[in-house]
Amino acid sequence: MAAAALPTRVSPTGLVVVQPLRRRYCAGCRRGPVAMLVLEDTAPRCLDCADLGHLVFLPRGDTALTRRSREESGLSAVVVRFNRRKGRYERQGVLVEEAALVRAEERCLADAEARRRRRARDARRRAALDARFAQAFAAEILRLLPGCPRERAEGIAAHASLRGSGRVGRSAAGRALSETAVVSAVVASVRHLDTPYDRLLMSGVPRREARRQIMADVETRIRTWREAGAGAGAGDEDAAGSTSGFPLEVRGGTGQDLRSTAGS
């Protein structure tokens, strides 16, 4: 990790302290290896040399305590560590004055029950919103692919729209119920549950090659579910004979069309 890669001050969070990934020594007092450092003109300084040695570390996790500790503290700093896998710095906690932390803890204890009830209300509200969105997602699957079993559609919707999962249902397109996003979720489910895709991966077949081998099976299942609405009745001409309302992925397009819905 290059020492100069991190600025010493990031607005609006203020001072930044680094938890180094490798052994680092203070350029001032030469002590080390240090658990935390501050960069001054690209040179690492220990907390004592940076005049931050009197601060105490509060790990991340309690939002209210962190916010109140920083409010009470005349001097504070954000502690970060570099995540190599994600290629970015991530917060680990804050440094605050010890007296400020004590006052913040007292404030949090005083209204702990009220905050607990508020969190419970917020959790119920989010759960209700998530349930309504999953229902809408499942309904859109059934509209586009009327042959998909209802239980399967509901399962796909629940999986794709899980809060915090990063799956296609939580993307902007997914939240807008775009056809491409909805079909992407169905394609991912078919790939894993209705084809030998997982077995191919377990046997060492590269992912792209495994997807190529099962593409015809995926296309067949999607086409079957799409065409299941054909002949449903005289008033269902659009469902039976027209595919203009469906994206290429649903209209039984090429393998490349289906590969474009790879998000799962």
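We now turn to the structure provided with this report. (Residues numbered from 1 in each chain as written. Predicted model: local features only at pLDDT ≥ 70, side-chain atom pairs only at ≥ 80, totals over all residues. Heavy atoms only, no water.)

### A look at the overall build of the protein
- Secondary structure assignment for the protein yields ten helices and seven strands.
- When burial is assessed residue by residue, the protein has 38% of its 264 residues classed as buried.
- Put simply, 52% of the contacts in the protein that link residues at least 6 apart link residues at least 24 apart.
- Surface exposure of the protein reaches about 14,900 Å², of which carbon and sulfur atoms provide 50%. (Helix = DSSP H or I, 4+ residues; strand = E, 2+ residues; numbered from the N terminus. Buried < 20%, exposed > 50% of the residue type's maximum accessible area, 1.4 Å probe, protein only. Contact = heavy atoms within 4.5 Å. Areas by Shrake-Rupley, 256 points an atom, 1.4 Å probe, with all protein chains shown as cover.)

### Considerations on the environment of Ser189
- Within the element layout of this structure, Ser189 appears in helix 6 (residues 179-193).
- Sequence-wise, Ser189 and Ile156 are 33 residues apart; in three dimensions their C-alpha atoms are separated by 6.6 Å.
- For Ser189, the contacting residues outside a window of four places in its chain are Arg152, Ile156 and Asp194.

### Section: the packing of helix 6 against helix 8 (residues 207-227)
- Orientation of helix 6 relative to helix 8, taken along the N-to-C sense of each, is 120°, at an axis distance of 9 Å. Between helix 6 and helix 8, the angle falls in the class oblique. As for the relative orientation of helix 6 and helix 8, their crossing is right-handed in sense. Contacts between helix 6 and helix 8 involve Val186, Val187, Val190 and Arg191 on the former and, on the latter, Arg211, Ile214, Val218, Arg221, Ile222 and Trp225. (Axes fitted to C-alpha atoms, helices over the stretch in contact; angles between N-to-C directions. Parallel < 35°, antiparallel > 145°, perpendicular 65-115°, else oblique. Left-handed = near helix turned anticlockwise from the far one by under 90°.)

### Digging into the state of the cysteines
- With the rule as written, the count across this model stands at zero disulfides.
- Looking at Cys26, it has no disulfide partner, and the nearest cysteine sulfur is the one in Cys49, 3.6 Å off.
- The buried category is assigned to Cys26, whose relative accessible area is 1%. (Disulfide = S-S within 2.5 Å.)

### Overview of the layout of surface pockets
- Roughly 180 Å³ of internal volume is contained in the largest pocket.
- Lining the largest pocket are 13 residues, with His159, Ala185, Ala188, Ser189 and His192 positioned closest to its centre.
- Elements that contribute at least two residues to the lining of the largest pocket include exactly helix 4 (150-160) and helix 6.
- Residues of the lining of the largest pocket, tallied by class, amount to six nonpolar, five polar and two charged. (1 Å grid on protein atoms, 1.4 Å probe; cavity = no way out; pocket = protein on both sides within 12 Å on 5 of 7 lines; lining within 4 Å. Points joined across faces, edges and corners; volume = space filled by probe spheres on them. Nonpolar A, V, L, I, M, F, W, Y, C, P; charged D, E, K, R; others polar.)

### Some words on the pairing of strand 2 (residues 14-18)
- Strand 2 sits mainly inside the fold: four of its five residues count as buried.
- As judged from the four bridges shared by strand 2 and strand 6 (residues 77-83), these two strands associate in the parallel manner. Bridge pairing in strand 6 links Leu15 to Ala77. (Pairing = 2+ DSSP bridges.)

### Thoughts on unusual backbone geometry
- In this model, Gly32 is joined to Pro33 through a cis peptide bond whose omega is 0°.
- With respect to the helices and strands, Pro33 occurs in the loop between strand 2 and strand 3 (38-40).
- Of note in this structure, Arg30 is not a glycine but carries a positive phi near 70°.
- With respect to the helices and strands, the residue Arg30 is situated in the loop between strand 2 and strand 3.
- In this structure, Thr42 takes a positive phi of about 70° despite not being glycine.

### Some remarks on the pairing of strand 7 (residues 88-97)
- In this sheet, strand 7 lies alongside strand 5 (residues 55-59) in antiparallel orientation, the contact comprising five bridges. Bridge pairing in strand 7 links Val56 to Val96.
- The sheet contact formed by strand 6 and strand 7 spans seven bridges and is antiparallel. Bridge assignment links Phe82 to a residue of strand 7, and that residue is Tyr89.
- In this antiparallel pair of consecutive strands, strand 6 and strand 7, the connection spans four residues, and Gly87 shows a positive phi of 70°.

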